[in-house]
Amino acid sequence: MTASQNSAEIINIDSKKIVLLPLSAYVKQTVELYLSQLSGHDAVGLHAMVISEVEKPLLEATLEHSGYNQTKAAKALGLSRSTLRKKLDQYGIS
């Protein structure tokens, strides 16, 4: 399954069915929950908030996966190494 596919995938592990949904489904569900909890107040800065909530763990997981090699992590993310370093500084990731 490619990253751009929106279909769910079912995997059997030790006779247990695990349904893997696309990341977009989790993000949508979480944003809808957040909006429902605003109690009539307007959402402000929602885009920046969601991006920062998703981007930081994405960077951390990719760095860990790449053995903390910034060149490999940048390549996996489709970023230049300097852009990656700027984002790491932005989120306080060392």
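Thresholds applied
Residues numbered from 1 in each chain as written. Predicted model: local features only at pLDDT ≥ 70, side-chain atom pairs only at ≥ 80, totals over all residues. Heavy atoms only, no water. Axes fitted to C-alpha atoms, helices over the stretch in contact; angles between N-to-C directions. Helix = DSSP H or I, 4+ residues; strand = E, 2+ residues; numbered from the N terminus. Parallel < 35°, antiparallel > 145°, perpendicular 65-115°, else oblique. Left-handed = near helix turned anticlockwise from the far one by under 90°. Contact = heavy atoms within 4.5 Å. Buried < 20%, exposed > 50% of the residue type's maximum accessible area, 1.4 Å probe, protein only. Polar contact = N/O pair within 3.5 Å; in protein donor to acceptor, adjacent residues only side chain to side chain.

## Focus: the packing of helix 1 (residues 23-36) against helix 2 (residues 46-65)
Then step 1. Here helix 1 crosses helix 2 at 135°, and the two axes come no closer than 12 Å. Taken as axis vectors, helix 1 and helix 2 run oblique relative to one another. In terms of crossing hand, the pair formed by helix 1 and helix 2 is right-handed. Residue-level contacts link Val-27, Val-31, Tyr-34 and Leu-35 of helix 1 to Leu-46, Met-49 and Val-50 of helix 2.

## A few points about the side chain of Gln-70
Then step 1. Among the secondary structure elements, Gln-70 is positioned in helix 3 (residues 70-77).
Then step 2. According to the relative accessible area criterion, Gln-70 is buried, its value standing at 19%.
Then step 3. Separated by 3.1 Å, the side chains of Gln-70 and Arg-85 make a polar contact.
Then step 4. Setting aside its immediate chain neighbours within four residues, Gln-70 contacts Leu-63, Arg-81, Leu-84, Arg-85 and Leu-88.

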